[in-house]
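Tertiary structure, described
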Amino acid sequence: MFENSTEELAYHKLLILYILDKINMDLTNSQITQVVLETDMMNYFSLQQILSQLMDSKFIKPYKDSGREYYCLTQKGLETLEYFLNRIPESYAIKIDEYIKNNKESLLADTQVKSSFVKQSENEFIVNLRVIENQSNLIDLNLNVSSEKQAKQICNNWNNNASNMYAEVINLLIRDIH
């Protein structure tokens, strides 16, 4: 399909920009990797190289939230995509659109578990744990703990088990104590 690797590289960059634009939310590296690998767009190593080049070119920018790194499309990236959109074969655009339509909820759910902590004093840390669904808080819990180690452990456990913990909290709160 491509005569040289430069053209293929440019095409793959456009695909990543297209994915970030169409999904209309910021994604982690693992989420972008999931979309790319499950749609057979390119291999993992090419993707990592392309993400790095897109950041260097300021087409996407990374930021951290709740201990996770996300990538978002910049204005420059969006303008570039709009200018070269016709270079993406329709079959690939349809494949990406279908994937997003069928998997956006699971990708969205993954990004909606949040945890963070702030140091209040030498022996006081406030941990914030949240689960968000359809832009509404299902749970927003603040805990006061005595060490940074505890705060980090709580955040880590929440990030890995939020759905089970949320269900357990609800069950504890609604059960009849009498």
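Just above sits the structure.
First things first, this report covers the structure right here in the doc. (Residues numbered from 1 in each chain as written. Predicted model: local features only at pLDDT ≥ 70, side-chain atom pairs only at ≥ 80, totals over all residues. Heavy atoms only, no water.)

**A few points about the packing of helix α2 (residues 29-38) against helix α3 (residues 44-56)**
Threshold: Interaxial angle, 0 to 180 degrees, is taken between N-to-C directions of lines fitted to C-alpha atoms, where a helix line uses only the stretch in contact. Each helix is a run of DSSP H or I of at least 4 residues and each strand a run of E of at least 2, with the numbering of both proceeding from the N terminus. Roughly parallel here means an angle under 35 degrees, roughly antiparallel means over 145, roughly perpendicular means 65 to 115, and every remaining angle is called oblique. For any pair of crossing helices, the crossing counts as left-handed if the nearer helix is rotated counterclockwise from the farther one by less than a right angle, and right-handed if it is rotated clockwise. Any two residues whose heavy atoms approach within 4.5 Å are treated as being in contact. Under the scheme applied, nonpolar residues are Ala, Val, Leu, Ile, Met, Phe, Trp, Tyr, Cys and Pro; charged residues are Asp, Glu, Lys and Arg; polar residues are all the others, including Gly.
At a minimum axis separation of 10 Å, α2 and α3 run at an interaxial angle of 130 degrees. In terms of orientation, α2 lies oblique with respect to α3. Like other packed secondary-structure pairs, α2 and α3 cross with a definite hand, here right-handed. In contact with Asn-29, Ile-32, Thr-33, Val-36 and Leu-37 of α2, α3 contributes Tyr-44, Leu-47, Gln-48 and Leu-51. By residue class, the composition of the contact of α2 with α3 is six nonpolar, three polar and no charged.

**Things to note about unusual backbone geometry**
Definition in use: Categorising residues by exposure relies on relative accessible area from a 1.4 Å probe, with only protein chains included: less than 20% of the type maximum marks a residue as buried, more than 50% marks it as exposed, and the intermediate range marks it as partly exposed.
Positive phi, close to 60 degrees, is recorded for Asn-24, a residue that is not glycine. Within the secondary structure, Asn-24 sits in the loop between α1 (5-23) and β1 (27-28). Residue Asn-24 is classed as exposed on the basis of its relative accessible area of 63%. Here the phi dihedral of Lys-58 falls at roughly 65 degrees; this positive angle occurs in a residue that is not glycine. Tracing the backbone shows Lys-58 in the loop between α3 and β2 (60-65). Judged by relative accessible area, Lys-58 falls into the exposed class, the value being 56%.

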